[in-house]
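Breakdown of the fold
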Amino acid sequence: MSDVMSDAPAPAPASVPAAIPAHFQSFLGFDFGAKRTGVASGNRLLRTATPQTTIKAEGADARFAQVEARIKEWQPDALVVGVPYHPDGAPHENTRRAQKFARQLRGRFNLQVFEVDERYSTTEALSSGARDADAASACIILEQFLRSLP
């Protein structure tokens, strides 16, 4: 038994679980934030995402009322949530908040929720000149997910 303990951070989860049912064709993607949550819709066939109006709501009740309206409108087969990590893969407070949001989505809407490592999605959205960085980040997250599907 070794006396040395590793200080290395736990690795971030794989971007996408290996087995995503083939009948899952439509998805809503979320870039969670405490004040704003970016939203995008996308589908497996085209492997593209389209930005939707960002949810500007603080507090779970207000946020989930708007999420519910989007789910009723788009009727996705599953949801995708971007989970941020430090560049070295270490989790931080927003990591835990996004994971909690994903768990709440599962519980409230009884849909499968996939988590995607979303490091740098906001930076990428801003550098592309997006007018709504949150919605653009949600697109980046969802397209990353869609490109990983077989």
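Everything numeric here is computed off the predicted structure, so don't read it as measured data. (Residues numbered from 1 in each chain as written. Predicted model: local features only at pLDDT ≥ 70, side-chain atom pairs only at ≥ 80, totals over all residues. Heavy atoms only, no water.)

When a protein is soluble and globular, its nonpolar side chains tend to lie buried together. Counting residues in each nonpolar core, the largest one holds 20 residues, and the members touching the most others are F30, V67, L79, F101 and L105. When residues of this core are assigned to their parent elements, the largest contribution, five residues, is made by helix α2 (residues 93–109). (Core = buried A, V, L, I, M, F, W, Y, C linked by side-chain atoms within 4.5 Å. Buried < 20%, exposed > 50% of the residue type's maximum accessible area, 1.4 Å probe, protein only. Helix = DSSP H or I, 4+ residues; strand = E, 2+ residues; numbered from the N terminus.)

This part takes up the sheet that holds strand β5 (residues 112–117). What the five strands build is an open sheet, ordered β3-β2-β1-β4-β5; its pairing is mixed. At either margin of the open sheet sits one strand with a lone partner, and together these are β3 (48–56) and β5. Adjacent strand axes in the sheet meet at a mean angle of 25 degrees when their direction is disregarded. Here strand β2 (residues 36–43) runs beside β3; their pairing, made up of seven bridges, is antiparallel. Along β3, the bridge assignment pairs G42 with A49. Taken strand by strand, α2 contacts β1 (26–31), β2, β4 (78–83) and β5, and its axis lies near 170 degrees from that of β4. (Pairing = 2+ DSSP bridges. Axes fitted to C-alpha atoms, helices over the stretch in contact; angles between N-to-C directions. Contact = heavy atoms within 4.5 Å.)

Here the structure, examined in full by the defined rule, presents six aromatic pairs. Consider the rings of F64 and F109, whose centres lie 6.3 Å apart with planes at 45 degrees: the pair is tilted. Within this pair, whereas F64 is found in helix α1 (residues 60–74), its partner F109 is found in helix α2, the two being separated by 45 residues in sequence. F109 sits in the buried class, given a relative accessible area of 17%. (Phe/Tyr/Trp six-rings, centres within 6.5 Å; stacked < 30°, edge-to-face > 60°.)

Our next topic: the pattern of salt bridges. By the definition in use, this model includes six salt bridges. A salt bridge links E93 to R97; the shortest N-O distance between them is 3.9 Å. Here the residue E93 and the residue R97 both occupy positions in helix α2, the gap between them amounting to four residues, near one helical turn. The class of E93 is partly exposed, set by a relative accessible area of 41%. (Salt bridge = Lys/Arg side-chain N within 4 Å of Asp/Glu carboxyl O.)

Take α2 next. When the terminal C-alpha atoms of α2 are compared, their 24 Å separation across 17 residues agrees well with the 24 Å that a helix rising 1.5 Å per residue should span. Turning to α2, its buried residues are T95, A98, F101, A102, L105 and F109. The arc that holds every buried residue of α2, seen down its axis, measures 125 degrees, which confines them to one face. Of the surrounding secondary structure, the elements contacted by the buried residues of α2 are β1, β2, α1, β4 and β5. At the exit of α2 stands N110, carrying a positive phi of roughly 50 degrees. (Expected span 1.5 Å × (residues − 1). Arc of directions from axis to C-beta.)

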